[in-house]
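Coordinate analysis (summary)
Letter by letter, the chains look like this.
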Amino acid sequence: MAPDPGRVRLRFASRAVLGIWLAVVLCGLAGHSLVAAVTGGLAALLALFTVTDPTVRGQAVTTALLPVVGLPVLALAAVLHDLPVARDLVFLAVVGAGVYARRWGPRGHSLGVFAFMTFFAAQFLQTVPGQLPELYQAVLLSLVASSVVRFGLWCYERRLPAPVAVAAPAGGPGLARITTRQAVQATVGAGFALAVGQALSDERWYWAVGATWWVFVNTTSRGETLVRGFRRFLGTVLGIVLGLVVAVPLHGEPVATVVIVALSVFGIFYTAAVSYTWMMLAVTVMASMLYGLLGVLDPAMLALRVGETAVGALGAVLAVLLVLPVTTHSVTDAWVERALRCVHACTAEAAARLAGSPTADPALRVAELEQILARVRLSLAPLVHPLSPMRARKSRARQVLALLDACAREVRGLASVAADPEASHDARLATACWRVEAAVEALTAAPTGGQRLQDDAAPTPQLGEAEPVLAHLHALEQALLELAVPLRGSHRVPIGA
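Cut-offs and rules
- Residues numbered from 1 in each chain as written.
- Predicted model: local features only at pLDDT ≥ 70, side-chain atom pairs only at ≥ 80, totals over all residues.
- Heavy atoms only, no water.
- UniProt positions renumbered as here; feature names shortened; annotations may be inferred.
- Helix = DSSP H or I, 4+ residues; strand = E, 2+ residues; numbered from the N terminus.
- 1 Å grid on protein atoms, 1.4 Å probe; cavity = no way out; pocket = protein on both sides within 12 Å on 5 of 7 lines; lining within 4 Å.
- Points joined across faces, edges and corners; volume = space filled by probe spheres on them.
- Nonpolar A, V, L, I, M, F, W, Y, C, P; charged D, E, K, R; others polar.
- Expected span 1.5 Å × (residues − 1).
- Buried < 20%, exposed > 50% of the residue type's maximum accessible area, 1.4 Å probe, protein only.
- Contact = heavy atoms within 4.5 Å.
- Salt bridge = Lys/Arg side-chain N within 4 Å of Asp/Glu carboxyl O.

Examining the UniProt feature "transmembrane region" (unreviewed entry) in the protein chain
- Sequence positions flagged by UniProt for "transmembrane region" (unreviewed entry) are, in local numbering, residues 20-48, 60-79, 108-129, 135-153, 230-248, 254-271, 278-297 and 309-331.
- Between the first and last C-alpha atoms of residues 60-79 the distance is 30 Å; the span itself is 100% helix and 0% strand.

Put into structure tokens, the structure is as follows:
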């Protein structure tokens, strides 16, 4: 029921089903085995899901680099199949390198995920060296098939404005860098999951490592990781329950399996942006159907998956709490400040446009602000979660989110009015824009900035509701003034934990 502006999620999910279906069909027509077809389908899924460069050209380059990273990892996993100690050490190295690669932005993230999932798939399918030629062909054929759909048959991104790339806060050099700390955390957490997972099962231990890995994907602080771990476990349990109802009775019936796997793929892509729990439910159902197709599914296996997932989530939780923790408030404060500075930039661009500058374009800054606010919501998710016991911080976090949303709403309106060529050369507009810029500077200049804003700001003039641009600027300034209260409180006691 979540909003889907422009039906972007619907197109994203529908294209994924088409691309993966084409990849699997071509693998079948090429005479590949079921294992190879599953490997190829997974490669297509990852290419369509994880490649998120802001431009179509960048997406094509990253997709072309996927086999450069994935095929050597697949070979290494196959060669180490009968050498468990070496296999485990290499797997942990892949985990650490995959998380560390985030420092290079969306491309590094995509290549890191593909490398990890290639090694994971080799454990899932018990890959041995003799299968490598066929698996290589399946992966390459599937990447070509998914690329034909993504960049040829259905490249809807060409008709959309290129999204602004918003990099996560780096944190600093060495161990102060967030990606470095997360790489260490993920490796330690995966090591715990691997050891305990193998104690539970010699065959399905990799589920625990996979659970740890995916808890770390797209998270930054310990609060985000804790919430994601809970949601992963909840989604897996719900998926297992559904698997007992659907997958076990069918147990590999081919036509029904194909239909349910297609629906699961659609669910993965359609819900990923709005609900990690629902996404994990779809992933679990898909995995259950594939196990049924491979002839190894039974209720005991599904129960084991719950246990392994719990172990993996616990490994991630222990790692973020005990190993080089990245606090929620440090990440949240960085994102909130970036949001405020983006509001400043939006207003400055609008003022320049209203003054007659032909190059000023506040619409680009508005798009950047939307992405930053999405990261603010993710960062504050642990505090606004219904189970959060910290009522005071929850209240402040909700107030900050509401006021930042109000700022975004007024900035969008301001940008829309500024695009009108008749709304220009008005001295009152320039003055109002300057006041908004001053309000942002007061909020972000120093820990006591919020207090200075409240004490030193001149009385806000009534700018007149009849003129839309003045009304937007007045409402924006009021929202910034109100933000001083929760942000001033956050300097006394951090918003995050």
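Some details on the layout of surface pockets
- Here the second largest pocket defines a volume of roughly 1,100 Å³.
- Taken together, the elements giving at least two residues each to the lining of the second largest pocket come down to helix 1 (8-29), helix 2 (34-50), helix 5 (105-124), helix 8 (206-216), helix 10 (254-271) and helix 11 (276-294).
- Along the lines of polarity and charge, the residues of the lining of the second largest pocket split into 35 nonpolar, four polar and two charged.

Some details on helix 4 (residues 84-100)
- Compared with an ideal rise of 1.5 Å per residue, which puts 17 residues at 24 Å, helix 4 spans 24 Å between its outermost C-alpha atoms and is within 8% of the ideal.
- Turning to helix 4, its buried residues are Arg87, Asp88, Phe91, Leu92, Val94, Val95, Gly96, Gly98 and Val99.
- Looking at the packing, one finds that the buried side of helix 4 touches helix 5, helix 7 (178-200) and helix 8.

Some details on the pattern of salt bridges
- All told, the structure shown has eight salt bridges when counted by the stated rule.
- In this structure, glutamate 337 engages arginine 341 in a salt bridge whose closest nitrogen and oxygen atoms are separated by 3.6 Å. One end of the pair, glutamate 337, and the other, arginine 341, are both in helix 13 (residues 328-354), four residues apart, so they sit about a helical turn from each other.
- Taking relative accessible area as the criterion, glutamate 337 reaches 35% and is therefore assigned partly exposed.
- Among the residues examined, arginine 341 registers a relative accessible area of 35% and is labelled partly exposed.
- A salt bridge links glutamate 370 to arginine 412; the shortest N-O distance between them is 2.3 Å.

Here's the deal with unusual backbone geometry
- For glutamine 126, which is not glycine, the phi dihedral falls at a positive 55°.
- For glutamine 126, the position within the fold is in the loop between helix 5 and helix 6 (132-153).
- You will see that leucine 324, though not glycine, has its phi angle at about 45°, which is positive.
- As for its placement among the helices and strands, leucine 324 is situated in the loop between helix 12 (299-322) and helix 13.

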